[in-house]
Amino acid sequence: MKSNTFNYSLLAVGIAAVMGISGGANAATPNTTGGVSAGAAAINNVATANYSVAGIAQPNVTSNIVTVNVSETANFALTSTVDDGSIGDDIAINQTATPGGTTTFTHNLTNTGNVTDTYTINTTGNDSALVTANPDYALGTAPVTFTIVQADGTPLTSTQVAALNGQAQTGTLTNGGTIRLQPGTRANLSYEATTPDARNGNDKGVGTLTATSTFFTANLPANATLVNENQTIVRLPTFKIVKTATSTVDLTVANPQINYSIVVTNATTDYSAAATDIVIRDVLPAGLSLPNGAASDVTVTGAGTATISTVGTRQAINVAVANLAVGASRTITFTVNVDRDQYTAANSSVTNNAEVYDKFVGPVSPLIAAPVLGTDYDIFDSTDGTIGVTRIPDDAGEGNGAGIDTAGVTNFTRRAVIVSNPTTREIAPASGTDGQVTQKTTIINSGQDAEGTNTNPLTFTIADGGNNAAVRPVTDPISVTYTPPNGGAPVTITLQPTVAGGNTYTLNSTTLPTAQFPNGIAPGGTLAINYNVSSGNVTTPATAADAAAVGSTETTIVTLTPAGVGAPAATSVTDTTNVRGLSLVKSQSLDTACEATVAASTFVQTVLNATPDQCVIYRIQATNTSSAALGFNLTGVTISDLLSNFSAGADLVANSPATSATTSSTAGTASTSATAVLGSNYTIVPGGVGTLTFKIKIKNAR
């Protein structure tokens, strides 16, 4: 941006001399010490007479000489009368100009001497010999209109009018024309400087108006010309367009929409001007439309009138704004529907630009589909930085200045991928390797783009819930099973964790082999994550201290995190692993006669009161706590009751040990060893029960 600091000459000159020539100058005011005197010839006057006496001519008689010395003093001032903050000096600065328009400059030329003088008036285009400014363009020459009045601005007296002696009181001077002024009068001068059509905002124009005294030219030519400097600055609206849009729209929803906001500001700069009768336009991209296709769909904050037109097959929103002062803004908001069929490409997006049209003179008429520069508009600003006729300096344009514009960009999410279908499994207290259970959680691609590619990578983690230290997910290579859409044959592969022994797995074009996954997980496809859960001490599962408690529970959280453009939010599922196994319950019933069987309902786990020679029947039940749907068989089950538990006070009744089992389970074999009563080799199905019963008789004289 060019500096607008200038050095200005002192333009009002007064030259004074008494019977000779001398000079002096000060700024824009008459010189009161004199002017320039031409040393006019003195007026010497003598009288003569002739006469006769008695008819006889007498000698002529001459009087004495009388002398009148004449001092013809010229002086004049040329001042600018433009209100630029300092009226009556020799300069008019920063006067508003419009490309192709004119700027009016006014001046006073005053004859402050005592002789009538004639002045040559010139307008110049930045005469470098007279001014010190550094303009962008010259103002050029122009005719000058004038009106002659008294020095104080009042009309001429009748005497002064009569003394004009052919000089018009008002009129127009061509460049280089002359005007004659009597002492004590002035000419009000005015001319219009034209700004070329091609000039831009903040461009500076400089020109001069000069007055050259004929009297000075004859007597002191070096000081004969006074100069007033005139400056213009092209002032134009500086539009800043900020358009915002819903950043991401999911095209998988029933009615996808985008919310838009357009804020147009007439930015404040040194060269800004109010914008009048402008039109703000938004031509909606293909595939976007107003819900009702009407102006009622558009809200304008501040004065402005919205109308809807058509540009080809696209809807256009036009908002006419009568006045936008420097620093003022208009906000336009609306919502559009999105035609999903227009955006079928993966990771597609739409950029919506806003435009402002303005004319230098007059209003922008209702815009046609393709407005014409110079006819429909003179200024065209757009959030599309590749076009536009903003007519403002580069440092205020798209890069970093006051007029920076931003478009509304929306990324379409055609992606809808989640992890779903949590599972519940049952595990024995000590699984070892062979007894581990497999959880199966499913990634479902219900969107319109392929997932698990380099463009749309997926990451999932398998995290221990931390509720049960004896149950944990196995962080090793896992298997995943891909089921293509439309009944394709399932494919199972092994997937390595991203870090050895870790719990994070990545799905992309590298980890999913191209042969089985030519385009990742296709829309409509599913990928089952198959991972194992172990319990107890896997290496030595018989170590009871490391076994999980029957009835305890552990959770595993599987979290899927999509990445790439338009990535959906992360989703999680919680898989549950319940510890199931053998529960053992011992109950007893009193057989007072020691010779009968007893009903099942009489077995209790509470205290019995018995007397010698009475019998007690023990029942020991082993239950498989796993469920029919998820459980497992208990095999090789042996129930043991040590003789030492009762031998001090009772004797085992011979042949009383017996075994039984519920349906589908296999009862064990009853026997008695030297140390225990046994029920050996039961197989108990999920929910099944294996029973061992035997009878003891209370001793006498213990």
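Please read all numbers here as calculations on a predicted model, not as lab measurements.

Rules used in this analysis
- Residues numbered from 1 in each chain as written.
- Predicted model: local features only at pLDDT ≥ 70, side-chain atom pairs only at ≥ 80, totals over all residues.
- Heavy atoms only, no water.
- Helix = DSSP H or I, 4+ residues; strand = E, 2+ residues; numbered from the N terminus.
- Buried < 20%, exposed > 50% of the residue type's maximum accessible area, 1.4 Å probe, protein only.
- Contact = heavy atoms within 4.5 Å.
- Areas by Shrake-Rupley, 256 points an atom, 1.4 Å probe, with all protein chains shown as cover.
- pLDDT = per-residue confidence, 0-100.
- Pairing = 2+ DSSP bridges.
- Axes fitted to C-alpha atoms, helices over the stretch in contact; angles between N-to-C directions.
- Core = buried A, V, L, I, M, F, W, Y, C linked by side-chain atoms within 4.5 Å.
- Salt bridge = Lys/Arg side-chain N within 4 Å of Asp/Glu carboxyl O.
- 1 Å grid on protein atoms, 1.4 Å probe; cavity = no way out; pocket = protein on both sides within 12 Å on 5 of 7 lines; lining within 4 Å.
- Points joined across faces, edges and corners; volume = space filled by probe spheres on them.
- Nonpolar A, V, L, I, M, F, W, Y, C, P; charged D, E, K, R; others polar.

A. Summary view of the overall build of the protein chain. In terms of regular secondary structure, the protein chain is built from 2 helices and 51 strands. Looking at the protein chain residue by residue over its 702 residues, the buried ones come to 43%. Partitioning the contacts of the protein chain with sequence separation of at least 6, the portion at a separation of at least 24 is 72%. By element, 51% of the accessible surface of the protein chain is carried by carbon and sulfur atoms, the whole surface being about 31,600 Å².

B. The arrangement of the confidence of the model for the protein chain in detail. Per-residue pLDDT for the protein chain has a mean of 87; in total, 89% of the residues score no lower than 70. pLDDT under 50 marks residues 1-34. Its contacts with residues more than four places away, or in other chains, come to 89 contacts.

C. Spatial organisation of the sheet that holds strand E27 (residues 314-324). As summarised here, the arrangement of the 5 strands in space is E26-E27-E23-E30-E31, forming an open sheet in which the pairing is antiparallel. Strand pairing shows two members of the sheet lacking a second neighbour, strand E26 (305-311) and strand E31 (379-382), which therefore form its edges. Between one strand and the next, the sheet's axes are offset by a mean angle of 25°, whatever the strand orientation. Note that E26 and E27 share 7 bridges and pair antiparallel. Residue pairing in the sheet places Thr-310 in a bridge with Gln-315 of E27.

D. How the structure looks around the pairing of strand E43 (residues 571-579). Bridge analysis of strand E34 (residues 424-427) against E43 gives 4 bridges, and the strand direction is parallel. Note that in E43 the partner of Ile-427 across the bridge is Val-579. In the sheet, strand E42 (residues 553-562) pairs with E43 via 8 bridges, with the strands oriented antiparallel. Each residue of the ladder has a partner; that of Thr-555, found in E43, is Thr-576.

E. Local environment of the nonpolar core. Grouped together as the largest cluster of nonpolar side chains are 66 residues, with contacts concentrated most on Leu-109, Ile-121, Ile-179, Leu-189, Ile-258, Leu-288 and Phe-334. Ranked by size, the runner-up nonpolar core spans 31 residues in total, among them Val-437, Val-480, Val-491 and Tyr-505.

F. Molecular detail of the pairing of strand E9 (residues 76-80). Within E9, 5 of the 5 residues are buried, which leaves the element mostly enclosed by the surrounding structure. Covered by surrounding structure in E9 are Phe-76, Leu-78 and Ser-80 together with Ala-77 and Thr-79, the residues of both alternating faces. With 5 bridges joining them, E9 and strand E11 (residues 102-111) adopt antiparallel strand pairing. What sits directly across from Thr-79, in E11, is Asn-108.

G. Summary view of the pattern of salt bridges. Here the structure, examined in full by the defined rule, presents 8 salt bridges. Notably, a salt bridge pairs Arg-415 with Glu-451, separated by 2.8 Å at the nearest N-O pair. Here Arg-415, found in the loop between strand E32 (408-413) and strand E33 (417-420), pairs with Glu-451, found in the loop between strand E35 (437-445) and strand E36 (458-464); they are 36 residues apart in sequence, far enough to count as distant. Considered together, Arg-415 and Glu-451 belong to a single accessibility category, that of buried residues. The residue Asp-651 makes a salt bridge to Lys-699 at a minimum N-O spacing of 3.5 Å. Of the two residues, Asp-651 is situated in strand E47 (residues 650-652) and Lys-699 in the segment after strand E51 (689-698); the sequence distance between them amounts to 48 residues. Lys-699 gets classed as partly exposed once you look at its relative accessible area, which sits at 26%.

H. Molecular detail of empty space enclosed by the protein. Summed over the entire model, instances satisfying the criterion amount to 2 cavities of 30 Å³ or more. Size it by volume and the largest cavity reaches roughly 40 Å³. Looking at the largest cavity, the residues that line it are Ile-148, Ala-163, Leu-164, Gln-167, Arg-180, Leu-181, Gln-182 and Thr-185. A per-class count over the lining of the largest cavity returns 4 nonpolar, 3 polar and 1 charged. Size it by volume and the second largest cavity reaches roughly 30 Å³. Taken together, Ile-262, Ile-280, Arg-281, Asp-282, Ile-317, Val-319, Ile-332 and Phe-334 form the lining of the second largest cavity.

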